[in-house]
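Single-letter residue listing:
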Amino acid sequence: MCPASAPRAHKEWPCSCRLSPQRDISRRTASFQYELLSNQSAAGPDFKKMALVEAMCHPCDNMELLMAICSSDFVVKGSIRNVSHDSENHMSQVDVSVQKVYRQKNRIFQQEEGGGEWRGPIRTLLQCKVKKGGGDFLFTGNEHFGEAWLGCAPRFKDFMLVYQAARERGANPCEFELN
C-alpha cells in the first residue's frame, strides 16, 4: 500500500513495504511507517544518490556535532564491541556496549536480562569503512524503519572538549544533560 499523497512525477510510483515481526499479534489494528525518498529506482534505493547517505561517512564538524546531540533520535555513550560487514547489502553493523543512554526514541538500546549491560546495534554504510576502535564514543544518529543509523560518533573526550568550549561561549544550540 502506498500513500495517496505521494508525489507522482511519473505514471508509476514504485513502492515497497518492509515488515518486522511482532511478538503480540493479538491486536486487530496494524500500523506501518514509511519514508518518502527521491531518486529511487524500482530495484531499490540508489545509495549513492541519497542526500542522507552522502553525508553519513564524513566526520562531523563541531556545529554538526552540537546539533546532533539536540536533534538525533538517539544519543549514547559507549564503546564498540564488534563491527560486522554485510557486503551483499552494502551495510556494516556496529555492536555497541552502552555506558549511558542520554536519549533514544525507541528501545534500540536495551539492558541484558538480569540487570546486565546495555547493548545495541547501529548500522552504517559499508563504504564508511567503520572499524573497531578502543575507547569511549558518543554515538548519535537517527532511526529508519526501527533500525539505528549512525550520525556523528566522536570520541567522548573530544565531544566533551567541543561541548564545554561551546558552553563557555554560550554557543550550544541546546542544553545537554551530561550526568
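The coordinates are above.
This is a predicted model, so every value here is computed, not measured.

Asks: Which residues make up the state of the cysteines, and what values do they have?
Replies: In total, this model carries three disulfides according to the counting rule given. Here Cys57 pairs with Cys128 through a disulfide, and the sulfurs are 1.9 Å apart. The sign of the -75° torsion about the S-S bond sets the Cys57-Cys128 disulfide as left-handed. Of this pair, Cys57 sits in the loop between helix H1 (51-56) and helix H2 (62-71) while Cys128 is found in the loop between strand S6 (118-125) and strand S7 (137-144), placing the two residues 71 residues apart along the sequence. Exposure remark for Cys57: the relative accessible area of 31% places this residue in the partly exposed category. Here Cys60 connects covalently by a disulfide to Cys152, the sulfurs 1.9 Å from one another. Linking Cys60 and Cys152, the disulfide has an S-S dihedral of approximately -95° and is accordingly described as left-handed. In this pair, Cys60 sits in the loop between H1 and H2 while Cys152 sits in the loop between strand S8 (147-150) and helix H3 (156-169), placing the two residues 92 residues apart along the sequence. Taking the relative accessible area as the measure of exposure, Cys152 reaches 5% and is therefore buried.

Asks: Outline the pairing of strand S4 (residues 91-104), listing residues and values.
Replies: Pairing geometry for strand S3 (residues 74-86) and S4, over twelve bridges, is antiparallel. Each bridged residue has a counterpart across the sheet, and for Ser79 the counterpart in S4 is Ser97. With antiparallel pairing between neighbouring strands as the criterion, S3 and S4 make up a hairpin whose turn holds four residues, including His90 at a positive phi of roughly 60°. Inspection of the sheet shows S4 paired to S6 by eight bridges, in the antiparallel sense. Looking at the pairing, Ser97 lines up with Arg119 of S6.

Asks: I'd like a description of the pattern of salt bridges, backed by residues and values.
Replies: This model, assessed by the stated rule, comprises five salt bridges. With its nearest N and O atoms 3.0 Å apart, the salt bridge here joins Arg119 to Glu112. Classification of Arg119 as partly exposed rests on a relative accessible area of 31%. Given the relative accessible area of 33%, Glu112 is considered partly exposed. Between Arg167 and Glu175 there is a salt bridge whose closest N-O contact spans 3.5 Å. Bridged by salt links that share partners, the residues Arg81, Glu112, Glu117 and Arg119 form one connected network.

Parameters at a glance
Residues numbered from 1 in each chain as written. Predicted model: local features only at pLDDT ≥ 70, side-chain atom pairs only at ≥ 80, totals over all residues. Heavy atoms only, no water. Disulfide = S-S within 2.5 Å. Helix = DSSP H or I, 4+ residues; strand = E, 2+ residues; numbered from the N terminus. Buried < 20%, exposed > 50% of the residue type's maximum accessible area, 1.4 Å probe, protein only. Pairing = 2+ DSSP bridges. Salt bridge = Lys/Arg side-chain N within 4 Å of Asp/Glu carboxyl O.

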